[in-house]
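Here's the letter readout for the chains.
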Amino acid sequence: MGSDLVPRIRDRFDAAQNILILSHLRPDGDAVGSVLGLGLALKNLGKSVQMVLEHGVPARFRYLPGAEEISKSVLDGVDLAVVLDSSDAARVGAALETYGQADINIDHHISNTRFARINLVWPDEASVTQILAEILPQMGLPLTRPICMALLTGLITDTIGFRTPSTTPKTLKLAARMMEQGIDLAQIYRLALINKSYAALHYWGAGLSRVERDQGLVWTVLELADRHSSGYPGSDDADLINELAAVEDCEVAVILIEQPDNKVKISWRARPGFDTAQVARCFGGGGHQPASGAMVDGRLSDVKESVLQVTREVLWRP
């Protein structure tokens, strides 16, 4: 499964002094957790590390030790660039353009384009944080308590609390091993997955008022006006997609979130047996079979009709 790449990656870490670590735009728990987990491990190795997320750290993950060290832009002097949890270079944004081609790409998306010089892509892993929990000790980099907090946060959020089909016995064994560092799993579960702001609940209310269903397909939309009226600060759906996917008899859930500049963010979730990644690829996106996303140019109403039509055609074709 590409384990021969682990020594090569460790050699690159040893040879570098100023290391840049990046992940995708609109970062989720796996992006934040993997950037922090690897960044703190390399800092413990004595390296100078820049941890960069162009859109910053979402408020709900700022409890993580070291989160304040993550910046939004890249400084000069980098001699090694690592991209985490990104299926292609474009998802990273302008931060990678400052450096050029990434040196190392560590990911778990089956749609990964192998855009770096070294590509460690393990699609069967539940999250990139799971990959790091496995390979960091192989590199001789200890999983300290702050690192375990970051990695567990990514693991819990990407598996929705160990509920996705990607959760395996290895996933749970790695989680247990990190808990042995004194991590309060229940606290991370609450902070990263359960807690919702008052604004997020009002934002949900707008989306829930528009929920529609057609046989096994459930969908809704969130408008820019909903974000403004609720006071919700993010550009995402505040995890409303997971609630849609929990609807009884729902096979595929879709949410469309209106963005500035005439763009629409789309998220799909599906039960086993449906490959949403192939739908996302029709719109220039990607992801996993049960969870994927895309960003599309166009008016919300037009994009919605196109997305629903293609989703039906691809996933329920004869």
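All figures in this text were calculated on a predicted structure; none of them were measured in a lab. (Residues numbered from 1 in each chain as written. Predicted model: local features only at pLDDT ≥ 70, side-chain atom pairs only at ≥ 80, totals over all residues. Heavy atoms only, no water.)

J.: Looking at this structure, how should I read the nonpolar core?
T.: In a soluble, globular protein the nonpolar side chains are often hidden away together inside. The biggest cluster of nonpolar side chains holds 55 residues, and the ones touching the most others in it are Phe13, Leu36, Leu38, Ile106, Leu120, Ile135 and Leu136. If one sorts the elements of this core by residue count, helix H5 (residues 145-158) sits on top with 8 residues. Grouped together as the second largest cluster of nonpolar side chains are 23 residues, Leu256, Ala270, Val296 and Leu315 included. (Core = buried A, V, L, I, M, F, W, Y, C linked by side-chain atoms within 4.5 Å. Buried < 20%, exposed > 50% of the residue type's maximum accessible area, 1.4 Å probe, protein only. Helix = DSSP H or I, 4+ residues; strand = E, 2+ residues; numbered from the N terminus.)

J.: Help me understand unusual backbone geometry in this model?
T.: Of all residues except glycine, most have a negative phi; of all peptide bonds, most are trans. One non-glycine residue, Phe162, adopts positive backbone phi at about 65°. Structurally, the position occupied by Phe162 is in the loop between H5 and helix H6 (169-179). Phi angles above zero are rare outside glycine, and Asp249 is one such case at about 70°. Position of Asp249 relative to the elements: it lies in the loop between helix H10 (240-245) and strand S8 (252-259).

J.: Looking at this structure, I do not really get the pattern of salt bridges. What am I missing?
T.: If the charged atoms of two oppositely charged side chains come close together, the side chains can form a pair. Tallying each qualifying case throughout the model produces 13 salt bridges. The residue Lys43 makes a salt bridge to Glu69 at a minimum N-O spacing of 3.4 Å. Of this pair, Lys43 sits in helix H2 (residues 29-44) while Glu69 sits in the loop between strand S2 (48-52) and strand S3 (80-84), and the two are 26 residues apart along the sequence. Exposure remark for Glu69: the relative accessible area of 37% places this residue in the partly exposed category. (Salt bridge = Lys/Arg side-chain N within 4 Å of Asp/Glu carboxyl O.)

J.: Could you clarify how one ought to interpret the sheet that holds strand S9 (residues 263-270) in this entry?
T.: What links the strands of a sheet is backbone hydrogen bonding, and the strands pair in either a parallel or an antiparallel sense. If you trace the 6 strands from one edge of the open sheet to the other, you get S6-S7-S8-S9-S11-S10, paired in mixed fashion. One side of each edge strand has no neighbouring strand; the edge strands of this open sheet are strand S6 (212-214) and strand S10 (286-287). (Pairing = 2+ DSSP bridges.)

J.: Looking at this structure, how should I read the environment of Gly39?
T.: Tracing the backbone through its elements, the reader meets Gly39 in helix H2. Here Gly39 falls in the buried class, since its relative accessible area comes to 0%. Each C-alpha atom of the pair Gly39 and Val82 lies 10.0 Å from the other, and the pair is 43 residues apart in sequence. Ignoring anything within four residues of it in the chain, the contact list for Gly39 reads Ile21, Val49 and Met51. (Contact = heavy atoms within 4.5 Å.)

J.: Looking at this structure, I do not really get H6. What am I missing?
T.: Each turn of an α-helix holds 3.6 residues, which means side chains three or four residues apart point in the same direction. For H6, the complete set of buried residues consists of Thr171, Leu174, Ala175 and Met178. Looking down the long axis of H6, one finds its buried residues gathered within 100° of arc, a one-sided arrangement. In H6, the exposed positions angled more than 90 degrees off the buried face are occupied by Pro169 and Lys173. Next to the buried residues of H6 lie helix H4 (128-138) and H5. (Arc of directions from axis to C-beta.)

J.: How do you make sense of the packing of H5 against H6 when you look at a structure like this?
T.: When two helices pack together, their arrangement is given by the angle between the helix axes and the distance between those axes. Running from N to C, H5 and H6 cross one another at 150°; their axes reach a closest spacing of 10 Å. What the angle tells us is that H5 and H6 run roughly antiparallel. For the pair H5 and H6, the sense of crossing is left-handed. Residues Cys148, Leu151, Leu152 and Leu155 of H5 touch H6, and the partners they reach there are Thr171, Ala175, Met178 and Met179. A per-class count over the contact of H5 with H6 returns 7 nonpolar, 1 polar and no charged. (Axes fitted to C-alpha atoms, helices over the stretch in contact; angles between N-to-C directions. Parallel < 35°, antiparallel > 145°, perpendicular 65-115°, else oblique. Left-handed = near helix turned anticlockwise from the far one by under 90°. Nonpolar A, V, L, I, M, F, W, Y, C, P; charged D, E, K, R; others polar.)

J.: Sorry, what's going on with the packing of aromatic side chains here?
T.: In this description, a pair of aromatic rings is defined by centroid distance and the angle of the planes. If you walk through the whole model with that rule in mind, you get 3 aromatic pairs. Note on Tyr203 and Tyr232: the rings are 4.7 Å apart at their centroids and 15° apart in plane angle, and the pair reads as stacked. You can see Tyr203 sitting in helix H8 (residues 198-208) and its partner Tyr232 sitting in the loop between helix H9 (224-230) and H10, a full 29 residues away along the chain. Since its relative accessible area comes to 0%, Tyr203 is described here as buried. (Phe/Tyr/Trp six-rings, centres within 6.5 Å; stacked < 30°, edge-to-face > 60°.)

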